[in-house]
Amino acid sequence: VEFGDLRYVHRHDQECTPTSGDFLSEAALWTKWEHHGYLLADSNAVMLNLNAESFAQVVSSHEGSHASAVRFAKKFLHYLNLLAEPSDMLPAFGMDDYELSGTEELRHIAFISHFKLEAGTEATLIGQQLTSMVLDDPTHPGCELVVPIFVDSENLVDLRRLKDDILSSDNLILLLTPGLLSRPWCLVEIHTAVANGINIIPVRLDRPGANFKYPREDFYRSRSSSLSSEAWQMITHEGISADDLEDAIRHAFLPIALPFSPHKSASIRDAELRDILKDVSASEVDRAQMATAAF
């Protein structure tokens, strides 16, 4: 609305007065929309009209604006679905005015578990590039998350929250390096994921010095001596028995490991990361379908 004396009459005969700067039927930009009332002009008035189809075509032709529009649409439609009575006239709505929910903002599509001394650089690289891929795809379920890919060495503030961060993730990406199974926190991460049905994606690092030896029966037979007493104390303090840990490790290596080659060309790394991303299957895909009807 630019100016003029206008009255919006809801289908239940409820009236309100649009003023300069107000939007009418904005929902038509973001979803299939049926009008819920009519507009009357009591004097000459000027309004700016935006065609929803043209808007969608222009926005979707630019990658950055498309991603921002889809993020906005998700929040707008979530807000719209919470209304007791839909209306063509809604309060001014901005990206910072409404949050999907606290749990939504804290979710991750993947948690990268790794032994920092052996794979810290690769974990950071994988995390950054997977995050870019997710955010560049406005239809991806993780594009609206604050931290779609969680790297514990970067994002972990409190070790006590470690398990909570895993439980907030749909997948556990496990970077395979020689010392992985000697690290108590890595073992806690594996057990937490398996015990809670979180998808595990083993990733083999194809570079010198990162040759991971898959556990054989002799590894399980000597499990009591494979970890220090301090490590076992920490694991048992988390309520994990030796049998539970063995079951979790066996389960973690059922999937075939995917490769990542940090020293190969960018095109090869990109292809490998896209294969990893394909396996990162968000458990609540319907969140991504809340909006995009117009795109």
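Look up: the structure comes first, before these words.
Residues numbered from 1 in each chain as written. Predicted model: local features only at pLDDT ≥ 70, side-chain atom pairs only at ≥ 80, totals over all residues. Heavy atoms only, no water.

Undergrad: How do you make sense of the sheet that holds strand E1 (residues 6–10) when you look at a structure like this?
TA: Neighbouring strands of a sheet are bound in pairs by backbone hydrogen bonds; such pairs are parallel or else antiparallel. Ordered by their spatial adjacency, 3 strands build an open sheet running E2-E1-E3, and the pairing between neighbours is antiparallel. Pairing within the sheet leaves two strands with one partner each, and these edge strands are strand E2 (15–16) and strand E3 (37–41). Where E1 lies against E2, 2 bridges are found, and the strand directions are antiparallel. Paired with Val-9 across the bridge in E2 is Glu-15. (Pairing = 2+ DSSP bridges. Helix = DSSP H or I, 4+ residues; strand = E, 2+ residues; numbered from the N terminus.)

Undergrad: Would you mind going over the pattern of salt bridges with me for this structure?
TA: One side chain can pair with another of opposite charge once the charged atoms of both are near each other. Under the criterion given, the structure shown has 10 salt bridges. With a shortest N-O distance of 2.9 Å, Arg-7 and Asp-42 are connected by a salt bridge. Here Arg-7, found in strand E1, pairs with Asp-42, found in the loop between E3 and helix H1 (52–60); they are 35 residues apart in sequence, far enough to count as distant. Residue Arg-7 is classed as partly exposed on the basis of its relative accessible area, which comes to 26%. For the salt bridge of Lys-278 with Asp-275, the shortest nitrogen-to-oxygen distance reads 3.9 Å. Within this pair, Lys-278 and its partner Asp-275 are both found in helix H12 (residues 266–279), separated by 3 residues, close to a single helical turn. By relative accessible area, Lys-278 is classed as exposed at 66%. Each of the salt bridges in this network shares a partner with another, and the network as a whole consists of Arg-7, Glu-15 and Asp-42. (Salt bridge = Lys/Arg side-chain N within 4 Å of Asp/Glu carboxyl O. Buried < 20%, exposed > 50% of the residue type's maximum accessible area, 1.4 Å probe, protein only.)

Undergrad: When you look at the packing of aromatic side chains in this model, what are you seeing that I'm missing?
TA: Any aromatic ring pair is given by two values, namely how distant the centres are and how the planes are angled relative to each other. According to the stated counting rule, one finds 8 aromatic pairs in the structure shown. Between Trp-30 and Phe-55, the aromatic rings sit 5.6 Å apart at their centres with planes inclined by 85°, giving edge-to-face as the arrangement. With a gap of 25 residues between them, Trp-30 in the loop between E2 and E3 and Phe-55 in helix H1 connect regions that are remote in the sequence. Both residues of the pair, Trp-30 and Phe-55, belong to the buried class. Between Tyr-214 and Phe-253, the aromatic rings sit 5.8 Å apart at their centres with planes inclined by 85°, giving edge-to-face as the arrangement. (Phe/Tyr/Trp six-rings, centres within 6.5 Å; stacked < 30°, edge-to-face > 60°.)

Undergrad: How should the sheet that holds strand E4 (residues 110–113) be read in this particular structure?
TA: Read across the sheet, 5 strands follow the order E5-E4-E6-E7-E8 without closing on themselves; strand pairing throughout is parallel. Across the chains shown, the open sheet's two edge strands, defined by having one partner strand only, are strand E5 (149–151) and strand E8 (258–260). Neighbour to neighbour, the strand axes of the sheet diverge by 30° on average, direction disregarded. (Axes fitted to C-alpha atoms, helices over the stretch in contact; angles between N-to-C directions.)

Undergrad: Before we go on, may I ask you to explain the nonpolar core in this structure?
TA: A general tendency of soluble globular proteins is for nonpolar side chains to be buried together. In terms of nonpolar packing, the biggest core is built from 30 residues, with Leu-174, Leu-181, Ile-235 and Phe-253 touching the most fellow members. Looking at which element gives the most residues to this core, the answer is helix H7 (residues 184–195), with 5 residues. In this structure, Phe-253 is in contact with Leu-174, Leu-176, Leu-181, Phe-212, Tyr-214 and Pro-215, ignoring residues within four places of it in sequence. Core analysis: the second largest hydrophobic core is formed by 24 residues, Met-133, Leu-145, Val-151 and Ile-173 among them. (Core = buried A, V, L, I, M, F, W, Y, C linked by side-chain atoms within 4.5 Å. Contact = heavy atoms within 4.5 Å.)

Undergrad: I'm lost on H7 in this one. Help?
TA: Along an α-helix, residues three or four apart share an orientation, since each turn contains 3.6 residues. The first and last C-alpha atoms of H7 sit 16 Å apart over 12 residues, in line with the 16 Å expected at 1.5 Å per residue. Positive backbone phi, at 70°, marks Gly-197, one or two positions downstream of H7. (Expected span 1.5 Å × (residues − 1).)

Undergrad: How should the environment of Ser-54 be read in this particular structure?
TA: One can find Ser-54 in helix H1. Distance from Ser-54 to Leu-29, taken between C-alpha atoms, is 9.8 Å for residues 25 residues apart in sequence.

Undergrad: What is the right way to look at unusual backbone geometry in this model?
TA: Comment: phi is negative for the bulk of residues other than glycine, and the bulk of peptide bonds are trans. If you check the backbone angles, Ser-25 has positive phi at about 60° while not being a glycine. Here Ser-25 shows up in the loop between E2 and E3. Among the residues examined, Ser-25 registers a relative accessible area of 17% and is labelled buried.

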